[in-house]
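# Geometric and topological summary
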Amino acid sequence: MYFFRLVRIPVLLTLLYTTQVFSQNQPAKPASSPAVERFDRDYELEATMLGYFGKDGARNPTLKANKGDKVRITIRNGEQMTHDIALEKLGLKSKTILDKGARTSITFTAGQSDTYYCTVPGHRTAGMVGSFEVVEGVISDITIAGQVPLKNNLPLNLSFESGSLKDWTATGDAFTSPLYDQDPSPVHEKEMHIGYEGKYFLSSGGNTNYKLTGTLTSVPFTVTQPFAAFRVSGGALQDTRVELVEASTNKVIFQITGQGRATLQPVVVDMQSYLNKEIFIRIIDNETGISQIPYIPNDKWAHINFDDFRFYASRPSFPNELKPKDIIILPPLDPVLNAGLSGTEAAKAMTLPRGFKLTLGAAEPTIIRPIAFTIDWRGRLWVVEGHTYPVPAPEGQGRDRILIFEDTNGDGTLDKRKVFMEGLNLVSGIEVGMGGVWLGAAPYLLFIPADFKTDKPTGPVQKLLDGWGTQDTHETLNSLRWGPDGWLYGNHGVFTHSNVGRPGAPDSERTKINAGVWRYHPTRHQFEVFAEGTSNPWGIDFNDYGHAFITACVIPHMYHMIQGGRYQRQAGKHFNPYTYDDIKTHADHVHWVGERGPHAGNFRSASAGGGHAHAGAMVYLGGSWPQEYRNTIFMNNINGARLNNDQPSRSGSGYLVTHKPDFLAMNDSWSQWLNMKYDPSGSVWAIDWYDKNQCHSANPDVHDKTLGRIFKITHENDKWVQADLSKASDMELVNYQLHTNEWYVRQARTLLQERGPNKKVHKALKEILAKNPDVTRKLRALWTLHVTKGITEKELTDLLTHENEYVRSWAIQLLAEDKAVTPETLKRLAALAQTDKSALVRLYLSSAMLRLEPAQRWEVLEALAQRAEDKDDHNQPLMVWYAVEPLAAVDAKRALQLAEKAKLPKILPFMIQRIGAIGSEDSKKLLREYNDRLGKL
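A short tour of the structure in this document, coming up.

## Some details on the overall build of the protein chain
- Within the protein chain one finds 16 helices and 51 strands.
- Taking 937 residues into account, the globule formula puts the C-alpha radius of gyration at 30 Å, and the protein chain, at 33 Å, falls close to it.
- With respect to the principal axes defined by its C-alpha atoms, the protein chain has extents near 105 × 75 × 65 Å.
- A fraction of 66% describes how many contacts in the protein chain between residues 6 or more apart in sequence connect residues 24 or more apart.

Here you go:
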């Protein structure tokens with residue numbers, strides 16, 4: 001009967017755009033014809049970030065050949081993005097292509113099975129990887145018989161071969177005229193291959209009518225065979241899917257979407273549990289694909305294609321089978337309630353937790369393009385307007401300016417405004433104190449001496465450092481902030497390459513940085529990289545214990561930055577080639593959904609926090625908000641238009657950071673808060689670079705040049721105050737170290753640092769350090785003693801026996817501040833390495849060793865490497881390795897002995913690798929002797 005079909009399924013060849021097998025019997029070409037290279041296996045695949053695709057829709061198909069076959073694999077770029085193809089074992093790599101439609105190939109002789117993949121960083125992880133198999137025998141076809149389901153002994157129209165929707169019921173618009181008999185179809189793009197069976201296939205709208213929605217439901221029918229198969233394609237979207245439903249219970253027993261491609265692929269369903277039961281098919285398209293975000297195009301894959309439902313007596317085998325586990329389904333686009341609001345409307349649109357309110361402090365034209373800000377000791381906002389971004393102006397032609405704002409009556413409106421300076425160029429960070437204004441403005445770190453009584457510069461702009469890169473102008477030096485130790489801290493992005501030093505300094509006196517945290521001492525004028533790695537961090541802050549946290553983009557977002565640490569990088573390599581491994585995120589979560597990588601989750605990740613892009617970092621220590629927020633870190637989620645709130649909790653030597661409910665929703669896709677800080681009242685101010693374009697572009701025309709906002713968040717506990725700590729006496733500034741609001745603590749500490757050493761101040765601070773029961777107050781006193789030069793090495797050494805781990809840890813860091821310690825102190829540190837019970841203290845010891853000359857590190861590191869309790873710690877094994885690694889060049893034999901005794905993972909294999917990298921005859925001999933010893937065990 002006609003309702004059976006024999007389907008010939010090529011095992012290999014249907015995977016490919018073209019497969020040519022040339023035999024020796026082919027007629028010879030005329031001598032005058034150009035030679036044509038012949039291949040036994042000639043494959044062509046389409047390359048996208050989702051994978052490599054064959055013409056029949058197979059994702060990362062297994063490519064097969066017989067041993068000795070001459071093989072060519074060609075990729076055609078399916079998108080405007082860099083791609084290539086490489087063979088892992090063979091070490092063969094194609095050229096890199098960029099343009100959509102471009103092609104590149106690799107050719108080789110099949111000798112062994114291998115893995116093909118894309119070498120562009122991150123693409124293999126995203127799914128661009130497949131198998132190449134060398135097989136024996138003929139690569140042949142198999143034959144499978146399928147049966148059309150029956151009802152009342154008549155075949156059902158489940159493959160639409162009647163040219164109608166007979167046996168189906170449609171609702172909505174998507175299935176009004178859904179049958180097509182052309183390939184490519186009139187509702188799909190011309191280059192798309194559908195690959196349907198018979199005369200017709202069904203689509204809910206294709207790429208043309210993707211906005212249509214509806215449901216198509218078949219009549220119930222009995223399951224008569226243990227397996228079923230049908231063909232499906234279209235969007236990998238939650239609301240475009242095919243369901244098989246048990247008729248008696250209305251229970252969905254199987255569902256699948258397309259995988260974001262037009263080519264129909266077979267899906268196999270195990271029906272053994274439903275034999276002799278009735279089911280029906282439901283084809284759903286509830287996705288319009290309409291984007292509510294101005295610069296994000298509509299999703300043309302918001303449709304579903306279907307064809308050829310059949311039963312099978314045994315499980316059919318399809319080389320291009322589509323399996324649910326291989327599809328990365330995207331949830332619907334997040335609803336965007338607003339876009340392009342006025343400042344007043346934007347403030348009203350936001351939603352906050354109970355007890356909080358938000359007010360508009362300023363909006364355009366009063367403030368335009370606020371890119372960075374800080375708050376001074378009077379509670380005033382110093383805001384940079386970034387008119388030059390994204391293209392630096394020629395020297396002397398900058399257009400950025402610094403504005404000073406003040407709320408004079410506490411109503412949340414910044415009613416007083418003045419201009420401090422104009423004509424600046426590409427400013428990306430600002431801090432005030434220590435006699436002036438500090439600016440990050442690549443290629444410079446600038447200082448402007450100032451009279452803060454008149455708010456005017458008292459001299460020309462000083463170029464403290466130069467060599468800051470501008471290759472990627474949204475990854476320049478940023479987020480300037482005073483650290484508890486009196487240094488000026490800042491961040492730096494991965495795609496900007498800086499070689500920092502004093503103006504005119506040679507390379508030998510410069511420091512390279514292209515990702516991480518740096519710091520600069522305001523009086524000693526020293527620059528150094530504090531920690532290396534991450535991606536494009538744009539926010540740094542310190543918790544109650546002086547521990548630094550940053551927020552990052554694209555890669556996982558949260559890092560506890562340890563002095564000397566090397567962290568996961570978005571791209572590029574660590575400057576030290578012997579790093580071998582780096583510290584990963586301290587968060588137990590990411591803020592994007594799905595497994596397609598961070599970018600695929602943009603505007604679909606509200607359930608996880610909004611997306612991968614973050615700006616700003618504020619550890620709330622303002623004192624007046626509910627206790628649940630203290631020491632939690634806030635960051636703006638740019639794509640998600642919301643404030644994320646994460647909770648760092650102590651874990652081992654550092655922290656585990658968990659996700660708390662999002663704090664605030666802007667409900668406005670143009671909102672782009674870049675930073676937040678709390679003020680003397682405990683309220684929080686935020687700057688908003690309000691712009692429809694949320695992504696950096698070197699093209700200045702894609703950014704709006706007329707908008708900007710400043711908002712204020714207050715809790716009902718906040719009490720507005722007017723403050724001016726510059727008028728406080730030294731002793732009053734000391735007493736502010738006990739304040740519940742860290743704003744007072746930090747401002748008072750910086751003022752005392754600027755005023756310099758004072759014996760009365762030192763005496764009072766030492767009283768707090770000795771007698772205050774709160775360790776956070778002890779730490780504040782210790783830090784202020786340090787910045788005012790009020791504590792000696794002996795006093796710090798005495799603190800190594802302090803009962804509190806935080807005090808001991810900070811004593812270690814401050815002892816190593818100048819990269820040298822006395823022999824006596826070094827002995828004390830070695831004793832701590834052997835006996836201290838705190839993982840935090842041991843972390844600070846490994847960090848301190850990185851600042852000492854390698855020859856001084858032996859005893860401390862030999863002890864730390866044997867602390868088995870740290871073997872599973874998130875940070876310590878790698879921090880010890882970073883400190884141990886240089887010892888291989890000092891004494892390779894002793895370094896290997898250290899590694900052999902180590903209880904921490906990776907120390908031994910890394911040390912063997914490091915000694916091998918020396919490449920000398922002595923190092924080779926040492927490793928041979930080690931191998932000989934192993935052989936005798």
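Still more to cover.
## Side note on helix α6 (residues 775-787)
- The end-to-end C-alpha separation of α6 is 18 Å, in line with the 18 Å expected for 13 residues at 1.5 Å each.
- The element α6 is extensively covered by neighbouring structure, given that 13 of its 13 residues are classed as buried.

## Thoughts on the packing of aromatic side chains
- A full pass over the atoms with the stated rule returns 50 aromatic pairs.
- The interplanar angle of 80° and the centroid separation of 6.5 Å between the aromatic rings of Phe230 and Phe254 together place this pair among those described as edge-to-face. Of this pair, Phe230 sits in strand β19 (residues 227-234) while Phe254 sits in strand β21 (residues 251-256), placing them 24 residues apart in sequence.
- The exposure class of Phe254 is buried, given its relative accessible area of 14%.
- Here Tyr578 and Tyr580 contribute two aromatic rings whose centre-to-centre distance is 6.5 Å and whose plane-to-plane angle is 70°, an arrangement assigned as edge-to-face.
- What makes Tyr578 partly exposed here is its relative accessible area of 24%.

## A word on the side chain of Asn637
- Among the structural elements, Asn637 can be located in strand β46 (residues 633-637).
- On the basis of relative accessibility, which here comes to 0%, the residue Asn637 falls in the buried class.
- Only 3.0 Å separates the side chain of Asn637 from the side chain of Asn644, close enough to count as a polar contact.

## Focus on the sheet that holds strand β41 (residues 540-542)
- The strand order across the open sheet formed by three strands is β41-β42-β43, and the pairing between neighbours is antiparallel. Taken across any chain shown, the strands that pair with only one partner, and hence form the sheet edges, are β41 and β43 (558-561). Put simply, the sheet's adjacent strands are angled 25° from each other on average, direction ignored.
- By the bridge criterion, four bridges tie strand β42 (residues 548-551) to β43 in an arrangement that is antiparallel. For Phe549, the partnering residue across the bridge sits in β43 and is His560.

## With respect to the pairing of strand β2 (residues 41-48)
- In terms of burial, β2 is a largely internal element, eight of the eight residues being buried.
- Burial along β2 is two-sided: Arg41, Tyr43, Leu45 and Ala47 facing one way and Asp42, Glu44, Glu46 and Thr48 facing the other are all buried.
- In the sheet, β2 pairs with strand β3 (residues 51-53) via three bridges, with the strands oriented antiparallel. Across the sheet, the residue bridging to Thr48 is Gly51, located in β3.
- Linking two consecutive strands that pair antiparallel, namely β2 and β3, is a turn of two residues.

## Details of the sheet that holds strand β25 (residues 356-363)
- As summarised here, the arrangement of the four strands in space is β25-β51-β50-β49, forming an open sheet in which the pairing is antiparallel. At either margin of the open sheet sits one strand with a lone partner, and together these are β25 and β49 (673-678). Within this sheet the neighbouring strands show an average axis-to-axis angle of 20°, counted without direction.

## Notes on helix α9 (residues 823-835)
- Over its 13 residues, α9 runs 19 Å from end to end, which matches the ideal 18 Å to within 8%, given 1.5 Å per residue.
- Residues of α9 that are buried: Thr825, Leu826, Leu829, Ala830, Leu832 and Ala833. All buried residues of α9 project into a common sector of 160° when viewed along the axis, lining one side. Exposed side of α9, more than 90 degrees from the buried face: Pro823, Lys827, Gln834 and Thr835 are the residues found there.
- Looking at the buried residues of α9, the elements they touch are α7 (793-798), α8 (805-815), α10 (839-849) and α11 (858-864).

## Notes on the packing of helix α15 (residues 907-918) against helix α16 (residues 921-936)
- Axis separation between α15 and α16 bottoms out at 8 Å; the angle between their running directions is 145°. Of the residues in α16, those in contact with Leu908, Ile912, Ile915, Gly916 and Ile918 of α15 are Ser923, Leu926, Leu927 and Tyr930.
- Partitioning the contact of α15 with α16 into residue classes produces seven nonpolar, two polar and no charged.

## Concerning the nonpolar core
- If you look at the biggest cluster of nonpolar residues, it comprises 189 residues, and the most contacted ones within it are Ile402, Val437, Trp468, Trp673, Ile710 and Ile713.
- Setting aside residues up to four positions removed in sequence, Val437 forms contacts with Trp382, Ile402, Phe420, Ile430, Glu431, Val432, Leu446, Phe447, Ile448 and Phe452.
- Counting residues in hydrophobic clusters, the runner-up holds 32 residues, among them Leu158, Ala174, Val267 and Met271.

## Some points on unusual backbone geometry
- Looking along the chain, the bond that leaves Tyr389 and enters Pro390 is cis, with omega of 10°.
- With respect to the helices and strands, Pro390 occurs in the loop between β27 (381-385) and β28 (400-406).
- The linkage connecting Ala442 with the following residue, Pro443, adopts the cis geometry, with an omega of 15°.
- Tracing the backbone through its elements, the reader meets Pro443 in the loop between β31 (436-441) and β32 (444-451).
- At Asn152, a residue that is not glycine, the phi angle is positive and equals roughly 55°.
- By secondary structure assignment, the location of Asn152 is in the loop between β12 (150-151) and β13 (154-155).
- One non-glycine residue, Leu426, adopts positive backbone phi at about 55°.
- Turning to its location among the elements, Leu426 is positioned in the loop between β29 (416-424) and β30 (429-433).
- Note on Leu426: relative accessible area 3%, which makes it buried.

## Considerations on the environment of Tyr196
- Note that Tyr196 resides in the loop between β15 (179-180) and β16 (201-203).
- A C-alpha to C-alpha distance of 17 Å links Tyr196 and Thr257, two positions 61 residues apart in sequence.
- Not counting the four nearest positions on each side in its chain, Tyr196 is found in contact with Asp181, Gln182, Asp183, Phe201, Leu264 and Asp307.
- Within the local environment of Tyr196, its side chain forms a polar contact with the backbone nitrogen of Gln182, the two atoms lying 3.4 Å apart.

## A short note on the pattern of salt bridges
- In total, this model carries 64 salt bridges according to the counting rule given.
- In this structure, Glu37 engages Lys70 in a salt bridge whose closest nitrogen and oxygen atoms are separated by 3.0 Å. In this pair, Glu37 sits in the loop between β1 (4-10) and β2 while Lys70 sits in strand β5 (residues 70-77), placing the two residues 33 residues apart along the sequence.
- A relative accessible area of 46% places Glu37 in the partly exposed class.
- Lys70 sits in the partly exposed class, given a relative accessible area of 32%.
- Here Arg41 and Asp69 are joined by a salt bridge, their closest N and O atoms 3.3 Å apart. Taken together, the positions of Arg41 in strand β2 and Asp69 in the loop between β4 (63-66) and β5 put the pair 28 residues apart, joining distant regions of the chain. Here the two residues Arg41 and Asp69 agree in accessibility, since each one is buried.
- Connected through shared salt-bridge partners, Asp485, Arg519, Arg524, Glu528, Glu817, Asp818, Lys819 and Arg851 make up one network.

## Digging into the side chain of Asp688
- Among the secondary structure elements, Asp688 is positioned in strand β50 (residues 684-688).
- A polar side-chain atom of Asp688 sits 3.4 Å from a polar atom in the side chain of Ser671.
- Ignoring sequence-local partners within four residues, the contact set of Asp688 consists of Pro370, Trp670, Ser671, Gln672, Trp673, Gly708, Arg709 and Phe711.

## Concerning the state of the cysteines
- What the rule picks out here adds up to zero disulfides.
- Cys695 carries a free sulfur, and the closest cysteine sulfur to it, the one in Cys553, is 10 Å from it.
- What makes Cys695 partly exposed here is its relative accessible area of 40%.

## Remarks on the packing of helix α12 (residues 876-884) against α15
- Packing of α12 against α15 brings their axes to within 11 Å, and their N-to-C directions diverge by 30°. Accordingly, the angle class assigned to the pair α12 and α15 is roughly parallel. As α12 packs across α15, the resulting crossing turns out to be right-handed. Here Pro877, Leu878, Val880, Trp881 and Val884 of α12 come into contact with α15, specifically with Ile907, Phe910, Met911 and Arg914.

Here is what the cut-offs are and how they apply
- Residues numbered from 1 in each chain as written.
- Predicted model: local features only at pLDDT ≥ 70, side-chain atom pairs only at ≥ 80, totals over all residues.
- Heavy atoms only, no water.
- Helix = DSSP H or I, 4+ residues; strand = E, 2+ residues; numbered from the N terminus.
- Rg over C-alpha atoms; globule rule 2.2 N^0.38 Å.
- Contact = heavy atoms within 4.5 Å.
- Expected span 1.5 Å × (residues − 1).
- Buried < 20%, exposed > 50% of the residue type's maximum accessible area, 1.4 Å probe, protein only.
- Phe/Tyr/Trp six-rings, centres within 6.5 Å; stacked < 30°, edge-to-face > 60°.
- Polar contact = N/O pair within 3.5 Å; in protein donor to acceptor, adjacent residues only side chain to side chain.
- Pairing = 2+ DSSP bridges.
- Axes fitted to C-alpha atoms, helices over the stretch in contact; angles between N-to-C directions.
- Arc of directions from axis to C-beta.
- Nonpolar A, V, L, I, M, F, W, Y, C, P; charged D, E, K, R; others polar.
- Core = buried A, V, L, I, M, F, W, Y, C linked by side-chain atoms within 4.5 Å.
- Salt bridge = Lys/Arg side-chain N within 4 Å of Asp/Glu carboxyl O.
- Disulfide = S-S within 2.5 Å.
- Parallel < 35°, antiparallel > 145°, perpendicular 65-115°, else oblique.
- Left-handed = near helix turned anticlockwise from the far one by under 90°.

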